[in-house]
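Given next are the chains, with one letter for each unit.
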Amino acid sequence: IQGVITSRVDRLPPGPRLVLKVASVIGRRFSLPLVQNIFPIVENQPAVPEYLELLMRVDIIDQHTLPETYVFKHVITQEVSYQLLPYSQRRQLHRALAEWLEQTYVLDLTPHYPLLAHHWGRTLGEQVDHTLAATTIGYMEKAGEVSLREGAYDEALDHFERALALVARMRSAEGDGESLPSYLSEARRAGWLLRMAEAYFGNGDSLRCRALCHEALALLGEPFPHERPRMMSRLTKL
């Protein structure tokens, strides 16, 4: 199936083929203004509506119920189109999309924290770039905090686990004996472990909650107090 779809995409004219790839970075559902804004060939941006019309005629995408919004008819078409993008171009498009979100929703980015974490993370890729990593981790942290406040405990855990994994990768890349950037601090990681403990408690898993409290204190070189008031006093400092 993937081979058939790849062949079909390759037979498209250059403009519609590139639009399809740009849309694949956004997701299964995408809007005309967004595709047009991040389309990498600036002089061809006015032609994007025509390219989308052609893709509809050949039955690759469909009109969504929302205005100026389209959807891939099959998710595998989106996946194949994304895989056809060169790695460097993927990163460029993810960055353009993240920057568009920041500029468009500057007055309230809160609902977009997960998307921003995703697209900045894809911009980072496997690089060791502390500026991009700090930006990505910042959005992961904010997305986790919002999910925790809203009682979406599994989502909160996922965001904080991703942040911890990225921090571990960046710390490993620095090697021993290096001066680590502040965003990789033990105190910050301990804070995330505490938030995760709250999420596990919310899910009714008191054993995992307690284990993470132990882990958070250990990161700071603190013993785990047996008396609850002393434990809460230390943890609330994180």
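Scroll up a little and you will see the structure.
Let us look at the structure shown here. (Residues numbered from 1 in each chain as written. Predicted model: local features only at pLDDT ≥ 70, side-chain atom pairs only at ≥ 80, totals over all residues. Heavy atoms only, no water.)

**Observations regarding helix H8 (residues 130–149)**
Here is step 1 of the chain: For H8, with 20 residues, the first-to-last C-alpha span of 28 Å sits near the 28 Å given by 1.5 Å per residue.
Here is step 2 of the chain: On the buried face of H8, the contacting elements are helix H6 (87–104), helix H7 (113–124), helix H9 (153–174) and helix H10 (186–202).
Here is step 3 of the chain: Positive backbone phi, at 80°, marks Gly-151, one or two positions downstream of H8. (Helix = DSSP H or I, 4+ residues; strand = E, 2+ residues; numbered from the N terminus. Expected span 1.5 Å × (residues − 1). Contact = heavy atoms within 4.5 Å.)

**Notes on the nonpolar core**
Here is step 1 of the chain: Ranked by internal contacts, the top residues of the largest apolar core, which has 68 residues, are Val-19, Leu-20, Phe-30, Val-35, Leu-52, Leu-55 and Ile-61.
Here is step 2 of the chain: Contacts of Val-19, omitting those with residues within four sequence positions, involve Val-35, Phe-39, Val-48, Tyr-51, Leu-52 and Leu-55. (Core = buried A, V, L, I, M, F, W, Y, C linked by side-chain atoms within 4.5 Å. Buried < 20%, exposed > 50% of the residue type's maximum accessible area, 1.4 Å probe, protein only.)

**Structural notes on the packing of H9 against H10**
Here is step 1 of the chain: Relative orientation of the contacting elements H9 and H10 amounts to 155°, with a least axis distance of 9 Å. For the element pair H9 / H10, the angle class is roughly antiparallel. As H9 runs across H10, the sense of the crossing is left-handed. Contact with H9, carried on its side by Tyr-153, Leu-157, Phe-160, Glu-161, Ala-163, Leu-164, Val-167 and Arg-171, involves Glu-186, Arg-189, Trp-192, Leu-193, Arg-195, Met-196, Ala-199, Tyr-200 and Gly-202 of H10 and no other residues of that element.
Here is step 2 of the chain: Looking at side-chain class alone, the contact of H9 with H10 contains 11 nonpolar, one polar and five charged residues. (Axes fitted to C-alpha atoms, helices over the stretch in contact; angles between N-to-C directions. Parallel < 35°, antiparallel > 145°, perpendicular 65-115°, else oblique. Left-handed = near helix turned anticlockwise from the far one by under 90°. Nonpolar A, V, L, I, M, F, W, Y, C, P; charged D, E, K, R; others polar.)

**Thoughts on the side chain of Ser-147**
Here is step 1 of the chain: One can find Ser-147 in helix H8.
Here is step 2 of the chain: If we ignore the near neighbours within four places in the chain, the residues touching Ser-147 are Ala-152, Glu-155, Ala-156 and His-159.

**With respect to the packing of aromatic side chains**
Here is step 1 of the chain: By the definition in use, this model includes five aromatic pairs.
Here is step 2 of the chain: Ring centres 6.0 Å apart and planes at 85° place the aromatic pair Trp-100 and Tyr-105 in the edge-to-face group.
Here is step 3 of the chain: Residue classification places Trp-100 among the buried residues on the basis of a relative accessible area of 14%.
Here is step 4 of the chain: When the centroid spacing of 6.0 Å and the interplanar angle of 35° are considered together, the rings of Tyr-113 and Tyr-139 count as tilted. Taken together, the residues Tyr-113 in helix H7 and Tyr-139 in helix H8 connect sequence positions 26 residues apart.
Here is step 5 of the chain: Residue Tyr-113 is classed as buried on the basis of its relative accessible area of 14%.
Here is step 6 of the chain: By relative accessible area, which is 9% here, Tyr-139 ends up buried. (Phe/Tyr/Trp six-rings, centres within 6.5 Å; stacked < 30°, edge-to-face > 60°.)

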